[in-house]
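Given next are the chains, with one letter for each unit.
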Amino acid sequence: MAVSMLQLSRSGAHVDVETSRSARHCVGDGGFWNLRKRDCSLHQCGGNCGAERQHQRSVDSFLSRKRCEKLKRSPADRPLLKFTVSSVQETQKAASLLHDIYVGAVAGATAGVVVEAALYPIDTIKTRLQAAHLGGNPSLFKGLYSGLAGNLAGVLPASAVFVGVYEPVKRKLLSVLPDQFSSIAHLTAGVCGGGISSLIRVPTEVVKQRMQTGQFVSPQSAVRQIVAKEGIRGLYAGFRSFLLRDLPFDAFQFCIYEQLKISYAKRGQ
């Protein structure tokens, strides 16, 4: 009986040592001391808990081996995991870019339409004064909203394109350039937005101005007659002067706007 008890105690000690080593290797020191605390709580019940303590050690050893097997298998799965994570990140970036373009286009189109409709009479008076100075004789205050519908049809997509280009270009440049060069990102984004939207804005301006001076009755007839007499180039009359005026205006306007926002945000912090 004494010999058997000695063998059992030696066997239990051997299992305890092996379990402790595997547990320390797989779960770390923190997890290992949690297991030791659990063993200490079993020792408090006296000699009658030997079988239960040995069973607990066996369970802990089995769990530690499972953790080791899982850790050994994980490096082989890491390439697939990295590919999955990168795919999700790329999808999120594309979705964020499309969201920025959509929000910018809607906001730009709405703002452009509202501003153009509100200030159109003033623009009509300005155009007629310029025509009178050049020898024309249009009625100054008659039909102040002449050609508004056709102008809005061009302003809406032009404003949407401008902001839809400006926002993603600005975000991309800000992610590449240092913070101290943020003004370059804003200037470049303004030039890009203004340059692309000018392909819509210039024909819209040509048709609008000729309707404001009473040369045409409707935007449709204005486009048809201009193209018939002057070709497509007639719709882009004054394109270079438009770019010389509006591209610097767009670039500096949005650069100053963004820099003021940054300064205000820093001051608020």
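Residues numbered from 1 in each chain as written. Predicted model: local features only at pLDDT ≥ 70, side-chain atom pairs only at ≥ 80, totals over all residues. Heavy atoms only, no water.

Per an unreviewed UniProt entry, the protein goes by MC family transporter and derives from Physcomitrium patens. Taken from UniProt, the Subcellular location (unreviewed entry) comment for the protein reads in full: "Membrane". Its UniProt record gives the protein a comment under Sequence similarities (unreviewed entry), which states: "Belongs to the mitochondrial carrier (TC 2.A.29) family." (UniProt positions renumbered as here; feature names shortened; annotations may be inferred.)

Undergrad: Could you clarify how one ought to interpret the overall build of the protein in this entry?
TA: Scanning the protein from terminus to terminus reveals 7 helices and 0 strands. Tracing the protein from N to C terminus, the helices and strands come up as α-α-α-α-α-α-α. Across the 269 residues that make up the protein, the buried fraction comes to 29%. Within the protein, contacts between residues at least 6 apart in sequence are counted, and of these 67% link residues at least 24 apart. Summing over all exposed atoms, the protein offers an accessible surface of approximately 17700 Å²; the carbon and sulfur share of this is 64%. (Helix = DSSP H or I, 4+ residues; strand = E, 2+ residues; numbered from the N terminus. Buried < 20%, exposed > 50% of the residue type's maximum accessible area, 1.4 Å probe, protein only. Contact = heavy atoms within 4.5 Å. Areas by Shrake-Rupley, 256 points an atom, 1.4 Å probe, with all protein chains shown as cover.)

Undergrad: How should helix H4 (residues 182-212) be read in this particular structure?
TA: Owing to its 3.6 residues per turn, the α-helix aligns residues three or four sequence positions apart on the same side. Taking the largest bend as the criterion, H4 deviates by roughly 50 degrees, centred on Ser 198. Positioned one or two residues after H4, Gly 214 has a phi angle of 80 degrees, which is positive. (Bend = angle between axes of the 7 residues up to and from the residue.)

Undergrad: Looking at this structure, how should I read the pattern of salt bridges?
TA: Working definition: two side chains of opposite charge can pair if their charged atoms are close together. Throughout the structure, instances matching the rule amount to 10 salt bridges. The salt bridge partner of Glu 230 is Arg 210, with a shortest N-O separation of 2.9 Å. In this pair, Glu 230 is assigned in helix H5 (residues 219-230) and Arg 210 in helix H4, connecting sequence segments 20 residues apart. With a closest N to O distance of 3.7 Å, Glu 258 and Lys 261 form a salt bridge. Of this pair, Glu 258 and Lys 261 both sit in helix H7 (residues 239-268), 3 residues apart, which is roughly one turn of the helix. Judged by its relative accessible area of 41%, Lys 261 falls in the partly exposed class. What emerges from the salt-bridge pattern is a single network uniting Asp 123, Lys 126, Glu 205 and Lys 208. (Salt bridge = Lys/Arg side-chain N within 4 Å of Asp/Glu carboxyl O.)

Undergrad: Would you mind going over the packing of helix H3 (residues 148-176) against H4 with me for this structure?
TA: Each pair of packed helices gets described by two things: the angle between the helix axes and the distance between those axes. Contact geometry for H3 and H4: axes closest at 8 Å, N-to-C directions at 165 degrees. Judged on the interaxial angle alone, H4 and H3 are roughly antiparallel. The two elements H3 and H4 cross, and the hand of that crossing is right-handed. Here the contact of H3 with H4 is composed, by residue class, of 15 nonpolar, 10 polar and 3 charged. (Axes fitted to C-alpha atoms, helices over the stretch in contact; angles between N-to-C directions. Parallel < 35°, antiparallel > 145°, perpendicular 65-115°, else oblique. Left-handed = near helix turned anticlockwise from the far one by under 90°. Nonpolar A, V, L, I, M, F, W, Y, C, P; charged D, E, K, R; others polar.)

Undergrad: Which parts of the structure should I look at to understand a nonpolar patch on the surface?
TA: Where nonpolar side chains cluster on the molecular surface, the patch consists of Leu 97, Leu 98 and Ile 101 and spans about 240 Å² of accessible area. Residue position: Leu 97 is located in helix H2 (residues 50-133). Here Leu 97 falls in the partly exposed class, since its relative accessible area comes to 32%. (Patch = residues over 30% accessible without salt bridge, like charges linked within 9 Å, V, L, I, M, F, W, Y side chains within 5 Å.)

Undergrad: Help me out: how do you make sense of H7 in this one?
TA: An ideal rise of 1.5 Å per residue puts 44 Å on 30 residues; H7 measures up with 43 Å between its terminal C-alpha atoms. For H7, the full list of buried residues reads Phe 242, Asp 246, Leu 247, Asp 250, Ala 251, Phe 254, Cys 255 and Glu 258. For H7, the secondary structure elements touched by its buried residues are H3 and H4. (Expected span 1.5 Å × (residues − 1).)

Undergrad: Looking at this model, I keep getting lost on the UniProt feature "transmembrane region" (unreviewed entry) in the protein. Mind explaining?
TA: Taken from the UniProt record, the annotation "transmembrane region" (unreviewed entry) applies to residues 101-122 and 143-163. A helix fraction of 100% and a strand fraction of 0% characterise residues 101-122, whose end C-alpha atoms lie 31 Å from each other. Taken end to end, residues 143-163 has its terminal C-alpha atoms 31 Å apart, with 76% of it in helix and 0% in strand.

Undergrad: What exactly am I supposed to notice about the nonpolar core here?
TA: Most often, soluble globular proteins have nonpolar side chains that are buried together. The biggest cluster of nonpolar side chains holds 9 residues, and these are Val 202, Val 206, Val 207, Met 211, Phe 216, Ala 222, Ile 226, Leu 235 and Phe 242. Of all elements in the fold, only H4 and H5 reach the threshold of two or more residues within this core. Here this core takes 4 residues from H4, the largest share from any one element. Setting aside chain neighbours within four positions, we find Phe 242 in contact with Ser 198, Arg 201, Val 202, Glu 205 and Leu 247. Residues Val 163, Tyr 166, Ala 189 and Phe 254 belong to the second largest nonpolar core, which totals 5 residues. (Core = buried A, V, L, I, M, F, W, Y, C linked by side-chain atoms within 4.5 Å.)

Undergrad: Is there a simple way to think about the packing of H4 against H5 in this case?
TA: In the contact formed by H4 and H5, the axes pass within 10 Å of each other and the chain directions differ by 110 degrees. With respect to H5, the axis of H4 lies roughly perpendicular. Between H4, through Val 206, Val 207, Arg 210 and Met 211, and H5, the contact on the second element is made entirely by Pro 219, Ala 222, Val 223, Ile 226 and Glu 230. Across the contact of H4 with H5, the residue classes break down as 7 nonpolar, no polar and 2 charged.

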